[in-house]
Amino acid sequence: MPYPIERKLVVGVSSNALFDMRKELSIFKNKGLEAFSKYQEEKRDVVLNPGMAFPFIKRLLKINDSYKEDMPVEVVLLSKNNPQTGIRVFNSIKQHGLNISKAVFTSGKSPYHYMPAYNICLFLSVNSTDVVNAIQAGYPAGKFVSTDVEDKEDDIELRVAFDFDGVIADDNSERIYKESKDLDKFIEYEIEHIKKPHNPGPLAEFFKKLAFFQEFELKRKQEDVAYKKILRTAIITAREAPAHERAINTLSSWGVTVDEMFLMGGVDKSRVLNILKPHIYFDDQMVHLDSSRSKIPLVHIPFGVANKNILASMVE
């Protein structure tokens, strides 16, 4: 069965998340657009070093090596560069061997508006304002907080981990807890609504497309016992029993599954992260994204009640 085009996993990434462009951004901020453009022109053949998103994007694109006919994954560059200064970025993409051919160059404007045109189900950036505005517009986006991961070439797995509330699901239950500040009331609410699925959160579509690819892998495994699965997904949630059951019922109602689920119940999430070593982890609360406690690529999803102050202060 050919891979359905509507299920294709399309991720958008900013140029300064894919590559380390801190020096270039400093020139732009301190000396202006003309100096930045001149510098990029002069350095057009100098390859940019990998940035925060690079290890994840490289590993994601590697999926296509095992599915050359279906090519289930695509990455689109979303850049504020203009087409001329963007030449250096594409030269670097080529030199690093990344199969990226589609791009948006907006000459300074935020590029997230064009996500629907490319069917992008996740936008990764290092720019807080761009990510917040994308989330506010209803688009799935995340900001890299840090990354310090050793990308071992002999490890073929791609491990993707998520928080649940405010990331995969909406923040309705989180609101109940924040407003009541009573864990017992939260658990009581979840038990009362145990059979009612959560509404989708900002990364629900991304998660569903990952889950579909896992189904595709399972069929491949049934046809070829020697095939080694690539994708492994995990949910790391502050929930504990019995509040976890509604989360599981929600996934079932969507027709998706997850490989592993960790019910932390107040235990520091970094304890699991440091063992699982995901290639990317998404959470809506900055308290769980402390890079000093885990050397993991961390991505903040500025969505919902947990981020109301951030959202209020940064909207366009």
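Before any of the text, the structure's been laid out above.
Residues numbered from 1 in each chain as written. Predicted model: local features only at pLDDT ≥ 70, side-chain atom pairs only at ≥ 80, totals over all residues. Heavy atoms only, no water.

(A) Structural view of the pattern of salt bridges. Counted according to the given criterion, the structure contains 16 salt bridges. Residue Asp165 is joined to Arg239 by a salt bridge in which the shortest nitrogen-to-oxygen separation is 2.8 Å. Of the two residues, Asp165 is situated in the loop between β6 (158-162) and α7 (172-180) and Arg239 in the loop between β7 (231-237) and α10 (244-254); the sequence distance between them amounts to 74 residues. Across the pair, exposure class does not vary: Asp165 and Arg239 are buried alike. (Salt bridge = Lys/Arg side-chain N within 4 Å of Asp/Glu carboxyl O. Helix = DSSP H or I, 4+ residues; strand = E, 2+ residues; numbered from the N terminus. Buried < 20%, exposed > 50% of the residue type's maximum accessible area, 1.4 Å probe, protein only.)

(B) How the structure looks around helix α8 (residues 183-192). Every buried residue of α8 is listed here: Phe186, Ile187, Tyr189 and Glu190. Down the axis of α8, the sector holding all buried residues measures 160°, keeping them to one side. Exposed positions of α8 whose direction lies more than 90 degrees from the buried face are Asp184 and Glu192. (Arc of directions from axis to C-beta.)

(C) Geometry of the sheet that holds strand β8 (residues 260-263). Strand order in the open sheet made by the 10 strands is β3-β2-β1-β4-β5-β10-β9-β6-β7-β8, with mixed pairing throughout. Both outer strands of the open sheet, β3 (102-105) and β8, are each paired with one neighbouring strand and no more. Across the sheet, the axes of successive neighbouring strands diverge by a mean angle of 25°, strand direction being ignored. Where strand β2 (residues 73-79) and β3 come together, 4 bridges link them in parallel fashion. In the sheet register, Leu78 faces β3, and the bridge partner there is Val104. (Pairing = 2+ DSSP bridges. Axes fitted to C-alpha atoms, helices over the stretch in contact; angles between N-to-C directions.)

(D) Representation of unusual backbone geometry. Cis peptide bonds are those with omega within 30 degrees of zero, and the linkage from Ala241 to Pro242 qualifies with 5°. With respect to the secondary-structure elements, Pro242 resides in the loop between β7 and α10. One non-glycine residue with positive phi stands out, namely Met71, at about 45°. Turning to its location among the elements, Met71 is positioned in the loop between α4 (54-61) and β2. Of the residues examined, Met71 reaches a relative accessible area of 26% and is grouped as partly exposed. Phi at Ser107 is positive, roughly 50°, even though this residue is not glycine. Its location among the elements puts Ser107 in the loop between β3 and β4 (122-125).

(E) Spotlight on the packing of helix α2 (residues 22-31) against helix α3 (residues 33-42). With their axes 7 Å apart at the nearest point, α2 and α3 run at an angle of 150° to one another. Here α2 is positioned roughly antiparallel relative to α3, judged by the angle of their axes. Contact residues: Lys23, Glu24, Ile27, Phe28 and Lys31 in α2; Leu33, Ala35, Phe36, Tyr39 and Gln40 in α3. Partitioned by chemical class, the residues of the contact of α2 with α3 number 6 nonpolar, 1 polar and 3 charged. (Parallel < 35°, antiparallel > 145°, perpendicular 65-115°, else oblique. Contact = heavy atoms within 4.5 Å. Nonpolar A, V, L, I, M, F, W, Y, C, P; charged D, E, K, R; others polar.)

(F) Quick look at the packing of aromatic side chains. Within the structure shown, the criterion is met by 13 aromatic pairs. Relative to Phe216, the ring of Tyr67 has its centre 5.9 Å away and its plane inclined at 45°; by these criteria the two rings are tilted. Residue Tyr67 is found in the loop between α4 and β2, and its partner Phe216 is found in helix α9 (residues 204-223); the two are separated by 149 residues along the sequence. A residue is classified by how much of its surface remains accessible, and Tyr67, at 4% relative accessible area, is buried. Of the residues examined, Phe216 reaches a relative accessible area of 10% and is grouped as buried. Aromatic side chains Phe162 and Phe282 sit 5.3 Å apart centroid to centroid with 25° between the ring planes, which places their arrangement in the stacked category. Remark: Phe282 occurs in strand β9 (residues 280-283) and Phe162 occurs in strand β6; sequence separation between them is 120 residues. The pair Phe162 / Phe282 is uniform in exposure class, with both members buried. Connected via pairs of aromatic rings, a cluster forms that spans Tyr3, Tyr67, Phe212, Phe213, Phe216 and Tyr227. Lys208 extends its terminal NZ or CZ atom over the ring of Trp254, reaching a point 4.7 Å from the ring centre. Lying over the aromatic face of Tyr67, Arg220 brings its terminal NZ or CZ to 4.8 Å of the ring centre. (Phe/Tyr/Trp six-rings, centres within 6.5 Å; stacked < 30°, edge-to-face > 60°. Lys NZ or Arg CZ within 6 Å of the ring centre and 35° of its normal.)

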